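Analysis of the macromolecular model
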Amino acid sequence: ARGANILAFGKAVDAATAEFMQAVPRGIEVEQIADQPKVVEGAMSEFEHSFVEALAIVLLVSFLSLGWRTGIVVALSVPLVLAMTFVVMQAIGLDLHRITLGALIIALGLLVDDAIIAVEMMVVKMEQGWDRMRAAAFAWESTAFPMLTGTLVTVAGFLPVGFANSSVGEYAGGIFWVVAIALVASWFVAVIFTPYLGVK
């Protein structure tokens, strides 16, 4: 059912089964052969693990190659992009399930690209003697449009999945929408929040 929480549904099924079994004669047992709530819980756990793993890798690489403060700017972009993605998903009625979680895992590796480009441009200009405000403005002017183009090209790669007029499109169409939302959100973060955080 649209908007239903299958984890809560699983608990309700367990409670109803326990209540039902109290009235069943001895010797009769009910065996559950499929447990979708456990599958979904496993998928959620897998996403959390992948998210923490991806964030740790991004932090490590960013801190080693960009330095401590620059790495923090890049690291802060990930939860910000995910928060924006979740808000838009809720607004348009996209639920969390295996397909959308898988799409988020796919998008995780792409979320920081734009932020790294923007903050690295700032660092290069500051190393050339520019002040923070001027470096942030230059990062916006020189990278915003190329990053937008790259983002839209990546999103377009998932377009056939989102608009496939078939059972595959119906089942896996969420991949396109989640990846598109996450990547466009990452572009907004890279051109608005990343320069601001870089200045701060």
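No experiment lies behind these values; they were computed from the predicted model shown.

**Looking at the overall build of the chain**
Tallying secondary structure elements over the chain gives 9 helices and 0 strands in all. Element order for the chain, N to C, with α for helix and β for strand: α-α-α-α-α-α-α-α-α. Radius of gyration (C-alpha) of the chain: 22 Å, far over the 16 Å computed for a compact globule of 200 residues. In terms of principal-axis extent, the alpha carbons of the chain reach across some 85 × 40 × 25 Å.

**Looking at the packing of helix α5 (residues 113-127) against helix α9 (residues 174-199)**
Contact geometry for α5 and α9: axes closest at 8 Å, N-to-C directions at 35°. The two elements α5 and α9 cross, and the hand of that crossing is right-handed. Between α5 and α9, the residues in contact are Asp114, Ala115, Ala118, Val119 and Met122 and Ser186, Trp187, Ala190, Thr194, Pro195, Gly198 and Val199, respectively. Classifying every residue of the contact of α5 with α9 by side-chain character gives 8 nonpolar, 3 polar and 1 charged.

**With respect to the nonpolar core**
For soluble globular proteins, nonpolar side chains are generally found buried alongside one another. Formed by 34 residues in total, the largest nonpolar core has its most connected members in Leu82, Leu108 and Leu111. The element that contributes the greatest number of residues to this core is α9, accounting for 10 residues. Once residues within four sequence positions are removed from consideration, Leu82 is found in contact with Phe51, Leu104, Leu108 and Leu111. With 6 residues, the next largest nonpolar core counts Ala118, Ala144, Ala190 and Val191 among its residues.

**Looking at the side chain of Thr70**
Tracing the sequence through the fold places Thr70 in helix α3 (residues 68-92). Judged by its relative accessible area of 12%, Thr70 falls in the buried class. Beyond its immediate chain neighbours, meaning those up to four positions away, Thr70 contacts Val119 and Val123.

**Remarks on helix α2 (residues 36-66)**
With 31 residues, α2 extends 43 Å from end C-alpha to end C-alpha; this agrees with the ideal 45 Å at 1.5 Å per step. Of all the residues in α2, the buried ones are Pro37, Val40, Ala43, Phe47, Ser50, Phe51, Ala54, Val58, Ser62 and Leu66. Backbone geometry just after α2 places Gly67 at a positive phi near 105°.

**Re the environment of Val81**
Mapping Val81 onto the fold places it in helix α3. Discounting residues that sit within four places of it in the chain, Val81 has contacts with Leu111, Ala182, Ala185, Ser186 and Val189.

What counts, and where the lines are drawn
- Residues numbered from 1 in each chain as written.
- Predicted model: local features only at pLDDT ≥ 70, side-chain atom pairs only at ≥ 80, totals over all residues.
- Heavy atoms only, no water.
- Helix = DSSP H or I, 4+ residues; strand = E, 2+ residues; numbered from the N terminus.
- Rg over C-alpha atoms; globule rule 2.2 N^0.38 Å.
- Axes fitted to C-alpha atoms, helices over the stretch in contact; angles between N-to-C directions.
- Left-handed = near helix turned anticlockwise from the far one by under 90°.
- Contact = heavy atoms within 4.5 Å.
- Nonpolar A, V, L, I, M, F, W, Y, C, P; charged D, E, K, R; others polar.
- Core = buried A, V, L, I, M, F, W, Y, C linked by side-chain atoms within 4.5 Å.
- Buried < 20%, exposed > 50% of the residue type's maximum accessible area, 1.4 Å probe, protein only.
- Expected span 1.5 Å × (residues − 1).

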